[in-house]
Amino acid sequence: MNDKLKIKSVYTMLMIILMGFVLIESNYWYLLSILVCSSDTRYLIWGGLIILTLLAQKLKIRKTFVYVPWLFYIMMILFNNQELAHGRYQNTERLILCIIMIFVCAYKSEWIRSVPKMIVAIGIPNVIATLLFLVNDSLYRIFISKTYGEYQSGTEYGKYGYRAALADHYSQNATYISMVVLALFALFLMEKQKRRKTFWGVLLGISVIALLLTSKRAHLLFCVAAAIIVYYLAYPQKRLEKTFKLVITGAVVAFGLAVVSEYIPQINNVFERFQTAGTDKETVGRFIMWNYAFGLFKQKPLFGTGWWGFRYSGITNVRADALTGCHNVYIEILANCGVVGFVIFIIALISAIYITLRSIKFCIDKELLEYKIVLLCSAAIQIFCLMYCMTGNVMFDRTFHFYIVAVILSVSFYLNKDRIAYMEGESI
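All of these numbers come straight from a predicted model, not from anything done at the bench. (Residues numbered from 1 in each chain as written. Predicted model: local features only at pLDDT ≥ 70, side-chain atom pairs only at ≥ 80, totals over all residues. Heavy atoms only, no water.)

Caption draft 1: Broad picture of the overall build of the chain. Scanning the chain from terminus to terminus reveals 17 helices and zero strands. Evaluated residue by residue, the chain yields a buried proportion of 54% over its 428 residues. (Helix = DSSP H or I, 4+ residues; strand = E, 2+ residues; numbered from the N terminus. Buried < 20%, exposed > 50% of the residue type's maximum accessible area, 1.4 Å probe, protein only.)

Caption draft 2: Summary view of the packing of aromatic side chains. Under the criterion given, the structure shown has 31 aromatic pairs. Seen from their ring centres, Y73 and F400 are 6.2 Å apart, and the 25° between their planes marks the pair as stacked. Of this pair, Y73 sits in helix α3 (residues 68-78) while F400 sits in helix α16 (residues 399-414), and the two are 327 residues apart along the sequence. Take Y73: its relative accessible area is 1%, and that puts it in the buried class. Classification of F400 as buried rests on a relative accessible area of 0%. Among the aromatic residues, those joined into a cluster by ring pairs are W70, Y73, W307, W308, Y330, F345, F396, F400 and Y403. It is R311 that lies over the ring of F396; its NZ or CZ is 4.8 Å from the centre. In this structure, K417 is placed above the aromatic ring of Y414, and the distance from its NZ or CZ to the ring centre is 4.3 Å. (Phe/Tyr/Trp six-rings, centres within 6.5 Å; stacked < 30°, edge-to-face > 60°. Lys NZ or Arg CZ within 6 Å of the ring centre and 35° of its normal.)

Caption draft 3: Region of interest: the state of the cysteines. Scanning the model with the defined rule gives zero disulfides in all. The thiol of C223 is unpaired, and the distance to the nearest cysteine sulfur, on C385, comes to 9.9 Å. (Disulfide = S-S within 2.5 Å.)

Caption draft 4: Geometry of a nonpolar patch on the surface. Taken together, the side chains of I128, L132, V135, L139 and I142 define a hydrophobic patch exposed on the protein surface, amounting to about 440 Å² of accessible area. For the nonpolar patch, the elements supplying multiple residues, two or more each, are α6 (115-135) and α7 (137-146). The dominant element in the nonpolar patch, judged by the number of residues it contributes, is α6, at three residues. The residue L139 is located in helix α7 in this model. (Patch = residues over 30% accessible without salt bridge, like charges linked within 9 Å, V, L, I, M, F, W, Y side chains within 5 Å. Areas by Shrake-Rupley, 256 points an atom, 1.4 Å probe, with all protein chains shown as cover. Salt bridge = Lys/Arg side-chain N within 4 Å of Asp/Glu carboxyl O.)

Caption draft 5: Representation of α3. Regarding α3, the residues found buried are P69, W70, Y73, I74, M76 and I77. For α3, the buried positions fall inside an angular range of 160° around the axis, keeping them on one side. Where α3 is buried, its residues touch α5 (90-100), α14 (329-366) and α16. Where α3 ends, the next residue or the one after it, N80, has phi of about 50°, a positive value. (Arc of directions from axis to C-beta. Contact = heavy atoms within 4.5 Å.)

Caption draft 6: Structural detail: the side chain of Q57. Mapping Q57 onto the fold places it in the loop between α2 (39-56) and α3. Excluding its chain neighbours within four sequence positions, the residues that come into contact with Q57 are Y11, F103, V104 and Y107.

Caption draft 7: Broad picture of the packing of helix α8 (residues 170-190) against helix α10 (residues 217-234). Contact geometry of α8 with α10 gives a least axis separation of 10 Å together with a crossing angle of 20°. Taken together, α8 and α10 sit at an angle that is classed as roughly parallel. At the point where α8 passes α10, the crossing takes the right-handed sense. Of the residues in α10, those in contact with S171, A174, T175, S178, V181, L182, F185, L189 and M190 of α8 are H219, C223, A226, A227, V230, Y231 and A234. Within the contact of α8 with α10, the residues separate by chemical class into 12 nonpolar, four polar and no charged. (Axes fitted to C-alpha atoms, helices over the stretch in contact; angles between N-to-C directions. Parallel < 35°, antiparallel > 145°, perpendicular 65-115°, else oblique. Left-handed = near helix turned anticlockwise from the far one by under 90°. Nonpolar A, V, L, I, M, F, W, Y, C, P; charged D, E, K, R; others polar.)

Such coordinate-based values are descriptive only and should not be taken to indicate function.
This is how it looks when you write it as structure tokens:
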């Protein structure tokens, strides 16, 4: 009995370390490459942590239908993989490491309660740096000289350095801050203790201001949409009453932003950018890439050009920035993997959100508040990522790490929900 408890304790510790490592790698991967160690070293550590976690559960992996879509997802990535064909491997290795974590997440589930706070704790330096570089530009320039050596994309050659802050691109900074905002929203929404609710609320307000400062329209829009959906998921009853409260809250937030903008006028830039949506160079560039990807899909509609095929297809001769991706995951998957791969992709996404919704309902029925927070955080991140897939490269860049962490939280709970409900009932 003691040996069994010891094994579970070691497993819990390793899962927390693994999640923490992945979140650090996700938020600060570029800085880590410059200041600490290469990607190869980090991936070796990552793989080692997965192996140790597997050993801690005595090499046992559950036989469950939940894993099937992700097995096919790995096969989709490996089939006719163009990155491997061109002698590279790091991005493929990174994505497969992400997915493999799903298979070792369900031996025990108590550890998942720590993850929303970990997302906040690990990501909050991006919020702080954004605000700090806004008020102290000289500090930003010192940071650049000691790290990147050149100004990041989206900062207009350092004029708006706070937009990118610690990240290599202002869009990445917005993604990292969005994850903090969504985790904080789940914590704030479900917190019952007044003092802690105030604490989460203050952090949430500060993080929202930081997100506005990045000037990223899509991130703001998708965060708001995800928060509204999660709000209704959290309180499925009395929807009319909740809608009224939501409208009032929206009015208060709008008034608050109007007041704050008097003191921090830079936050208005994101709203000004909404006025140029559809006609600015970013949007026009995306249309060019989407049309190109559709053309590739028409050439090989069944299996596509192969994973990462879009980026090796000559698109950079048309759009130099297309090396980072099509900026629409759904279209790029069609181009890379054809109809067959697209079906696999959609089934994996739907299975993850279905498990999450079922788990949230289970938590509501059994009054499992702590786990409800975790699952609402998971739902918020998944919903955000599914929407961001329409304008970003979510399933190809580091945003995929956050998405997989969210999926892991739901899968781990779902596969242990009956035992959790029994244990929680015993402790009451």
